[in-house]
Amino acid sequence: MADQSYVFDNAWQRGRARLDAVEAFLDPGTIRALEGLGVAPGWRCLELGAGGGSIAAWLSSRVGPAGKVVATDLDTRYVAERADAANIEIRRQDIVADPLEASAFDLVHARLVLEHIPQRDAVLAKLTRSLRPGGWLMLEAVDYVSGVPVSELGAAEHARSQDVRLRAFGAAGLKADYGRHLPRLMRAAGLVEIGNEGRVFVMEGGSPGARWFQLSMEQVRDRLVGPERLSDAEVDRMLGLFADPEWAALSPIILAAWGRAA
Ligand SMILES: C[S@@+](CC[C@H](N)C(=O)[O-])C[C@H]1O[C@@H](n2cnc3c(N)ncnc32)[C@H](O)[C@@H]1O
């Protein structure tokens, strides 16, 4: 089990830069999807695994002084920097081990969180219980089915290194196809009015998506190098490709799914 702790610890020296890249890459689509749910002044929201804090900050401005945002994370150092409005409560909390109030939220949102947590079924049930009647759960998770090379440059290296990465992250608890299961899991949890939409991007070297991949690879390179994994030279080659504007690959699907408590 020791291998199953969260591998992308925010405390890493470049953790802020990594979360900045995720936010630059994904916030526009996340905000469109949240707007689609009608997030409005006065709502009580939970932002689980708030990471760099940008979505907690956006929700805070959207729900206004009559609303509230509870922003939780295993490591809240960056949320505290960015999301410090009076209507935000920051909680250092492990969603697996720590309690969460029931029937409390009009919106619960988590992006790129549950696919990393082996106990994701129990977490989804806990999040569902935390909704007020009529409250929305919106989860965004990866599905790597789309993650194919685009440029000839680095195509073989990308395919091989992604295979190694997904095996290593899988051993640490990542479910790399979690996105496609969300609608069914939400229905099984008793939610209604379920919808979903996936976003896929061409990630060109140097873009925020490629930078997210680059920093993730740097952070966990120790797990990627070794027998039947990658050599140090192969990791260095990929890190270079992620920064090369001539390189491109399709991103994983970022699958957003939503449903509301009856
Ligand atoms: C890939 S980051 C995504 C951050 C943010 N949601 C975003 O999309 O910009 C995953 C976040 O989930 C947090 N996390 C992982 N496991 C957690 C747990 N068991 N309880 C609470 N937060 C957790 C991590 O600390 C990290 O900040």
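Here we summarise the structure given alongside this text.

Thresholds applied
Residues numbered from 1 in each chain as written. Predicted model: local features only at pLDDT ≥ 70, side-chain atom pairs only at ≥ 80, totals over all residues. Heavy atoms only, no water. Helix = DSSP H or I, 4+ residues; strand = E, 2+ residues; numbered from the N terminus. Rg over C-alpha atoms; globule rule 2.2 N^0.38 Å. Buried < 20%, exposed > 50% of the residue type's maximum accessible area, 1.4 Å probe, protein only. Contact = heavy atoms within 4.5 Å. Areas by Shrake-Rupley, 256 points an atom, 1.4 Å probe, with all protein chains shown as cover. Lys, Arg positive; Asp, Glu negative; His and termini not counted. Charge placed at Lys NZ, Arg CZ, Asp CG, Glu CD. Pairing = 2+ DSSP bridges. Axes fitted to C-alpha atoms, helices over the stretch in contact; angles between N-to-C directions. Near = heavy atom within 4 Å. Polar contact = N/O pair within 3.5 Å; in protein donor to acceptor, adjacent residues only side chain to side chain. Nonpolar A, V, L, I, M, F, W, Y, C, P; charged D, E, K, R; others polar. Right-handed = clockwise from strand over helix to strand, strands pointing away. Salt bridge = Lys/Arg side-chain N within 4 Å of Asp/Glu carboxyl O. Parallel < 35°, antiparallel > 145°, perpendicular 65-115°, else oblique. Left-handed = near helix turned anticlockwise from the far one by under 90°.

Observations concerning the overall build of the protein chain
Right, on to step 1. Along the protein chain, the regular secondary structure elements total nine helices and nine strands.
Right, on to step 2. Relative to a compact globule of 262 residues, whose C-alpha radius of gyration would be 18 Å, the protein chain shows 18 Å and is just as compact.
Right, on to step 3. Principal-axis analysis of the C-alpha atoms places the extent of the protein chain at approximately 55 × 35 × 35 Å.
Right, on to step 4. Residues counted as buried form 55% of the 262 residues belonging to the protein chain.
Right, on to step 5. Here the contacts in the protein chain between residues at least 6 apart in sequence split such that 77% fall between residues at least 24 apart.
Right, on to step 6. Accessible area of the protein chain: about 11000 Å², with a carbon and sulfur share of 52%.
Right, on to step 7. Side-chain charges of the protein chain comprise 30 positive and 35 negative groups, with the mean position of each set lying 5 Å from the other.

Overview of the sheet that holds strand S1 (residues 44-48)
Right, on to step 1. Read from one edge of the open sheet, seven strands run S3-S2-S1-S4-S5-S9-S6, paired in mixed fashion. The open sheet has two edge strands, strand S3 (88-92) and strand S6 (192-199), and neither has a second partner. Here the average twist between neighbouring strands, direction ignored, is 15°.
Right, on to step 2. Bridging between strand S2 (residues 68-73) and S3 involves five bridges; their strand directions are parallel.

With respect to the site of the ligand
Right, on to step 1. Near the ligand you find 15 residues, and of these Gly 49, Asp 73, Asp 94, Ile 95 and Arg 111 are the closest.
Right, on to step 2. Within the backbone of Ile 95, an N or O atom sits 3.0 Å from a nitrogen atom of the ligand.
Right, on to step 3. A total of 600 Å² of accessible area belongs to the ligand in isolation, and the protein chains cover 97% of it.
Right, on to step 4. For the shell around the ligand, a count of residues per class yields eight nonpolar, four polar and three charged.

So, unusual backbone geometry
Right, on to step 1. Non-glycine residue Ser 103 carries a positive phi angle of around 50°.
Right, on to step 2. Residue position: Ser 103 is located in the loop between S3 and strand S4 (105-111).
Right, on to step 3. Despite not being glycine, Glu 193 has its phi angle at roughly 55°, a positive value.
Right, on to step 4. Following the sequence through the fold, Glu 193 ends up in strand S6.

Section: the environment of Thr 128
Right, on to step 1. Structurally, Thr 128 is set in helix H4 (residues 120-129).
Right, on to step 2. Distance in space between the C-alpha atoms of Thr 128 and Ala 189 is 7.1 Å, their sequence separation being 61 residues.

Considerations on the pairing of S1
Two faces make up the sheet, and in a regular strand the side chains alternate between them.
Right, on to step 1. Of all five residues that make up S1, four are buried, and the element is covered over most of its length.
Right, on to step 2. In the sheet, S1 pairs with S2 via five bridges, with the strands oriented parallel. Its bridge partner being in S2, Glu 47 is matched across the sheet by Ala 71.
Right, on to step 3. Handedness of the crossover is the feature at issue here: the chain leaves S1, passes through helix H2 (residues 54-63), returns alongside S2, and the resulting connection is right-handed.

Remarks on the pattern of salt bridges
Right, on to step 1. The tally for this structure, following the rule as stated, stands at 23 salt bridges.
Right, on to step 2. With a shortest N-O distance of 3.0 Å, Arg 16 and Asp 20 are connected by a salt bridge. Placement of both Arg 16 and Asp 20 in helix H1 (residues 15-37) is noted, with a separation of four residues, approximately one turn of the helix.
Right, on to step 3. Residues joined in a network through salt bridges with shared partners are Arg 16, Asp 20, Glu 23, Glu 81 and Arg 82.

Some thoughts on the packing of helix H5 (residues 155-171) against helix H9 (residues 232-242)
Right, on to step 1. At a closest axis distance of 11 Å, the pairing of H5 and H9 adopts a crossing angle of 115°. Relative to H9, the element H5 is oriented roughly perpendicular. For the crossing formed where H5 meets H9, the hand is left-handed. Here Glu 157, His 158, Arg 160, Ser 161 and Arg 165 of H5 come into contact with H9, specifically with Glu 234, Arg 237, Met 238, Leu 241 and Phe 242.
Right, on to step 2. Residue composition of the contact of H5 with H9, by class: three nonpolar, two polar and five charged.

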